[in-house]
Amino acid sequence: MWEFVNFYLIPGLVLGCIYALGALGITLTFGILRFANFAHGEVMMLGTYLALTMVWLFGLHPLLAALPAMALTALLMLGLDRAFFRPFRSAPTIISVIASFGLMLMIRSAVQVIWGTQPRPILPGVQRPQAWLDGAILLAPKHVWILLATLAIMAAIHLLLTRTRIGKAMRAVADSPELARLTGIPVETVIRATWVVAAATAVAAGVMLAIDTQVETMMGFKMLLPMFAAAILGGIGRPFGAVAGGLVIGVAEELSAYPWLGTAPLLNPAYKSGIAFAIMVAMLVWRPSGLFRGRVL
Amino acid sequence: MDQFYGYGIYAISLLTVGGMYAILTLGLNLQWGFAGLFNAGIAGFFAVGAYVTAILTKPEAPEHLGGYGLPMAPAIAVAMLVAAAIAWAIGRICIRLRSDYLAIATIGIAEILRLILKNETWATNGPRGISSIPRAFEYLPDPWDKLAFMALVLVTVLVIYLALEKAWRSPWGRVMTAIRDSEDAARAAGKDVESFRLQAFVLGSALMALGGAYYGQYTKYFGPDSSDPASVTFLVWVMLIAGGSANNRGAVLGAFLLWTIWSGTQIVTGWLPREISLFGVAIPDVPVRAAYLRIFLIGLVLQVVLQRYSKGILPETRPAVLGRRITRGPEPGRQG
Amino acid sequence: MSVLRLQDIDAGYGDSPILRGVSLHVDPGEVVVVIGPNGAGKSTALKAVFGLLNITAGKVLLEDREITNTPPERVVRQGVCYVPQTGNVFVSLTVQENLEMGAYVRRDDWRPRLKEIYEMFPDLAEKRNQPAGSLSGGQRQMVAMGKALMLDPRILLLDEPTAGLSPRYRGEIFQTVKRINAAGVPILMVEQNARQALAIADRAYVLVDGQNRHEGTGAQLLADPEVARMFLGAKG
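Quick caveat, the model's predicted, so the values are computed rather than measured.

A. Spotlight on the environment of Ala50 of chain B. Residues and elements named next belong to chain B. Assignment of secondary structure puts Ala50 in helix α2 (residues 42-57). Under the relative-accessibility criterion, Ala50 is labelled buried at 1%. Here the alpha-carbon distance between Ala50 and Leu37, two residues 13 residues apart in the chain, equals 23 Å.

The following block contains the structure:
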């Protein structure tokens, strides 16, 4: 029982938190800019490398280094939007998808040129799990950080979207860009705010993933499928749907390796990332609007 | 004399691999140029073609499935059918939704296929891949084997090109582009939009498998990392968009042109020293970095073409459709 | 001086004009109604004012300023509010958030205005925390109008506010339009339900085939036999 919790459920929740943060940006850009941004994973990866560089240069703790990295990546994202997405605002959205596809490879190869392809740890050493509840629950400190930081970021995003003018305007544009324009909401400003939020949450997700595992140039691409699956599962344009979707997929991936029948893992762990794909395909067949009645574009 | 021989071999290899890319690009043109469908998983269909053909034609090997001893042609046909079946399944689910979903799903299917190829060691030899793949005409003496194989690839390109041109001008092709340009109008005219799109998607994916089948034969080795998205999916997209989407000649031209540039820059990166010093800072692993820089540059080419020359080198042209002349390809400004 | 004046407008999508030489004006304090058969270009006229399609000839004046072909996001800032026929509320935002979005371009404190709107539409005050998408069609129209009024507009453009509503709600909407007008907001309204619309109109225009056909006070047009034959035959 505790083995199940410690080795399957908790890692699933930790992974789910990372997916959730990543999917948040996907669902916001999909909902507001109306295209599937394939470069999102690479933005996450780039931001993580920036955080890694801060750790190297200033000896910061990775969680602290994440903050300037988030800001830098957000700025960079605004530049990328201007250069590669803004020219296609009034074009069919599929052109933006192609542009994001190109940007995905540009960012990745740029990182590979600058930082090389060697995987690197962002948190030195190995953390021993600590015992909680009389030793029933084993939890490494870094996992506690990840869970708490995710909760804090979620709360901040919730406040942003429901309490601030720009947050409400983001929801309004996601709802109907045409009406937003007629209402006088400056859609370009809203788009910029969306990129800032998407980039910042992506970097947060990337740094947490790096703390949990390591920094490598394929980390963004590997996250892409689970993040899209989480966004679709929760319903496009539904931030909290994306969070729920991320948690479901993270937990499902870890639980798929539990020996439910007999002693062997139910599913070969090598196929873990197939879970996200399977869930996504099932949603597209059964209910493309997602669990929380998002938009079917 | 030796030098000329070397140039000749290089030219043959350019034309052979360029021809394979032309097959892939024509397949993508069928999907994107004709039907406006986004396929981000070209590498997956490509790999299916290579693996299935290799397994069916190779003599029995202890490391992986094999020993079926099928002749080349039926093996390739089976490979194309397998790719078509995968495309049909994914298309059935996603084609009724907006193109973004198909894009996500195809990138997903390519990843899943890669996982399978990597992990089902009993069938695919896992990460080590399949080697000594039989190649058509390899029993001929050098250089006739290479020439004959090149001719096979180029004839295939020609046949596909002629077939697609015929399809393009047929009522089928007209319906296809009418759907691409105005789905609602085509639906109102009573066309089964989903079915037409599915046909284009399935046929295009089968062509991609054909390209993969040839590629596996040509290199005589195929592994799960032979088809990483950078070098296949992405290059094919750039080839089509730069050459001119919805124009079969543009697709072929783009494939040969981009492949020549791509392979030329590969030679250049091979000449680079292992380490250079820039402003007093030593930069190690120069050739590796330069290889990634190439991918970066090809990405940049895509962006520039998309923004400045969205019609490509040879833009779409077609006779009157729906009563008026349309000379636009799938480009910014079109309602999609 | 008229609040809004259209002078010999040609407008349409691309190169095929829908409006040909349309002129109309709205004076301070007026409710002006535009009626006409389907496809006569009534809604097109509103969209042209709001910069949603291209005006190829003629001028649009807001008071003494020309606003011909000004894009919608700038027309709003000049105090023209437009309520489209459909899709006129943010369905996933609450009623109050919709009203707040209506005030987006205001730099001053909009809360006193919110209170006034709730006084004008007590139903909305009750449902302020419900998503607008959960309201009935008539209530959504109220939200849409309230949202437009948050700006204290110089003129309100309404595109067929009663389309698709049951007769009971229609009456309510026309009453609301009158109340809004009584509060001092000039209104230019396009309507299908000609009889009821003319009953509350100070003046009205009949557009046919993208051109002015008749014009007069609401009462005059109600009494005009040709107008009666064309639009009032079926019970409006």
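B. Structural view of the arrangement of the chains. Between chains A and B lies the most contact-rich interface of the two pairs of chains that touch. Regarding chain B and chain C, the two do not touch, and the least distance separating their C-alpha atoms is 14 Å.

C. Representation of the interface of chain C and chain A. Between chain C and chain A, the contact holds 25 residues from the first and 18 residues from the second. With both sides pooled, the region where chain C packs onto chain A buries about 1,900 Å², and carbon together with sulfur makes up 57% of that total. Together, Phe90, Met101 and Tyr104 of chain C form the three largest contributors to the area buried by chain C at its contact with chain A, with a combined 35%. At the boundary of chain C with chain A, the tally comes to three salt bridges. Counting the contacts that link chain C with chain A gives seven residue pairs in polar contact (both at pLDDT 80 or more). Those elements that place two or more of their residues in the side of chain C that touches chain A are α2 (72-77) and α3 (95-102) of chain C. A per-class count over the side of chain C that touches chain A returns 14 nonpolar, four polar and seven charged.

D. Spatial organisation of the packing of aromatic side chains. One pass over the structure, following the stated rule, counts 27 aromatic pairs over all chains. Where Phe101 of chain A meets Phe38 of chain B, the ring centres are 5.9 Å apart and the plane angle is 85°; that geometry is what we call edge-to-face. Pair noted here: Phe101 of chain A is in helix α4 (residues 93-115) and Phe38 of chain B is in the loop between α1 (2-34) and α2, and the two residues belong to different chains. A residue is classified by how much of its surface remains accessible, and Phe38 of chain B, at 0% relative accessible area, is buried. Between the aromatic rings of Phe101 of chain A and Phe234 of chain B, the centroid separation amounts to 5.8 Å while the plane-to-plane angle is 65°, which identifies the pairing as edge-to-face. Separated into two different chains, Phe101 of chain A in helix α4 and Phe234 of chain B in helix α10 (residues 230-243) make up a pair that spans both. The exposure class assigned to Phe101 of chain A is buried, which follows from its relative accessible area of 2%. Judged by its relative accessible area of 0%, Phe234 of chain B falls in the buried class.

E. Highlighting helix α11 (residues 272-286) of chain A. Here α11 of chain A spans 22 Å end to end across 15 residues, near enough to the 21 Å set by a 1.5 Å rise per residue. Listed in full, the buried residues belonging to α11 of chain A are Gly274, Ile275, Ala276, Phe277, Ile279, Met280, Val281, Met283 and Leu284 of chain A. Considering only its buried residues, α11 of chain A is in contact with α9 (219-234) and α10 (239-255) of chain A together with α3 (72-94) and α4 (99-119) of chain B.

F. Representation of the nonpolar core. With 227 residues, the main nonpolar core has Phe38 and Ile185 of chain A together with Tyr21 of chain B as its most contacted residues. Of the residues forming this core, the biggest block, 18 residues, is contributed by helix α1 (residues 2-33) of chain A. Residue contacts for Ile185 of chain A: discarding those within four places in its chain leaves Ala169, Ala172, Val173, Ala180 and Val190 of chain A together with Phe90, Met101 and Tyr104 of chain C. Core analysis: the next-biggest nonpolar cluster, separate from the first, contains 80 residues, Ile35, Ile55, Val75 and Leu157 of chain C among them.

G. Spatial organisation of the interface of chain A and chain B. Contacts between chain A and chain B engage 50 residues on the former and 47 residues on the latter. A buried area of about 4,200 Å², summed over both sides, lies between chain A and chain B, and 76% of it is on carbon and sulfur atoms. It is Ile98, Phe101 and Tyr271 of chain A that lose the most area in chain A upon contact with chain B, and together they represent 15% of the buried surface on that side. At the boundary of chain A and chain B, one finds zero salt bridges. Connecting chain A to chain B are ten residue pairs in polar contact (both at pLDDT 80 or more). Elements supplying a minimum of two residues to the side of chain A that touches chain B: α3 (62-85), α4, α9 and α11 of chain A.

H. Layout of the pairing of strand β10 (residues 211-217) of chain C. Residues and elements named next belong to chain C. Here strand β9 (residues 203-208) pairs with β10 via six bridges, running antiparallel. Within β10, the position partnered with Val208 by the bridge is Gln211. In this structure, the hairpin formed by β9 and β10 is closed by a connection of two residues, where Asp209 is found at a positive phi of approximately 50°.

I. Here's a closer look at empty space enclosed by the protein. For the structure shown, the criterion picks out four cavities of 30 Å³ or more. Contributing to the lining of the largest cavity are 15 residues, with Leu182 and Thr183 of chain A together with Tyr82, Lys147 and Ala148 of chain C lying nearest its centre. Elements with a minimum of two residues in the lining of the largest cavity: α7 (177-183) of chain A together with β6 (80-83) and α6 (137-149) of chain C. In the lining of the largest cavity, the residues fall into eleven nonpolar, three polar and one charged. Its boundaries defined by the atoms lining it, the second largest cavity holds a volume of some 100 Å³. Ala43, Gly44, Ala110, Arg114 and Ser227 of chain B are the residues nearest the centre of the second largest cavity, which is lined by 17 residues in total. When grouped by side-chain class, the residues that make up the lining of the second largest cavity number eleven nonpolar, four polar and two charged.

J. How the structure looks around the pairing of strand β1 (residues 4-13) of chain C. All names here are of chain C. Sheet analysis places β1 next to strand β2 (residues 16-26), joined by seven bridges and oriented antiparallel. From the neighbouring strand, Gly12 faces β2, where its bridge partner is Pro17. Hairpin connection between β1 and β2: a loop of two residues separates the two successive antiparallel strands, and Gly14 in this loop has a positive phi of roughly 60°.

K. Broad picture of the pattern of salt bridges. For the coordinates displayed, the defined rule picks out 31 salt bridges over all chains. One salt bridge connects Arg171 of chain A with Glu97 of chain C, and the closest N-O pair in it is separated by 2.8 Å. Within this pair, whereas Arg171 of chain A is found in helix α6 (residues 165-175), its partner Glu97 of chain C is found in helix α3, the two belonging to separate chains. Of the residues examined, Glu97 of chain C reaches a relative accessible area of 9% and is grouped as buried.

Conventions and cut-offs
- Every chain is numbered on its own, with residues counted from 1 as its sequence reads.
- Each chain gets a letter, beginning with A, and each ligand a number, beginning with 1, in the order they are written.
- Since the coordinates come from a predicted model, pLDDT governs what is reported: local features require at least 70, and pairs of side-chain atoms require 80 or more to be given and counted, while whole-chain, interface and lining totals use all residues.
- Remark: hydrogens and water are excluded; side-chain values derive from all non-hydrogen atoms of the structure.
- Secondary structure elements are defined from DSSP: runs of H or I of at least 4 residues count as helices, runs of E of at least 2 residues count as strands, and each element is numbered from the N terminus.
- Per-residue accessibility, obtained with a 1.4 Å probe over protein chains only, is compared with the maximum for each type, and a residue is labelled buried under 20%, exposed over 50%, and partly exposed between these values.
- When checking whether two residues touch, look at their non-hydrogen atoms; a contact exists if any pair is within 4.5 Å.
- Buried area: the accessible surface (1.4 Å probe) lost by two parts on joining, summed over both.
- Any carboxyl oxygen of Asp or Glu within 4 Å of a side-chain nitrogen of Lys or Arg constitutes a salt bridge here.
- Residues adjacent in sequence count toward polar contacts only when both atoms are side-chain atoms; beyond that, a polar contact is any pair of N or O atoms within 3.5 Å, and within protein one must be able to donate a hydrogen and the other to accept it.
- Residues are grouped as follows: nonpolar covers Ala, Val, Leu, Ile, Met, Phe, Trp, Tyr, Cys and Pro; charged covers Asp, Glu, Lys and Arg; every other residue, Gly included, is treated as polar.
- Working definition: a ring pair exists when centres of Phe, Tyr or Trp rings (six-membered ring for Trp) sit within 6.5 Å. Plane angles under 30 degrees give stacked, over 60 give edge-to-face, the rest tilted.
- Take the number of residues in a helix, subtract one, and multiply by 1.5 Å to get its expected span.
- Side-chain atoms within 4.5 Å link the members of a nonpolar core, which is a set of buried Ala, Val, Leu, Ile, Met, Phe, Trp, Tyr and Cys residues.
- By definition, two strands form a pair when at least two bridges between them are found by DSSP.
- For cavity detection a 1 Å grid was placed over the protein atoms alone, and a set of points counts as a cavity when a 1.4 Å probe fits there but cannot get out; an open set counts as a pocket when protein lies on both sides within 12 Å along at least five of seven lines, with lining residues being those that have an atom within 4 Å of a point.
- Grid points are joined across faces, edges and corners, and a volume is the space filled by probe spheres set on the points.

So, to be careful, I would describe these as geometric facts and stop short of saying anything about function.
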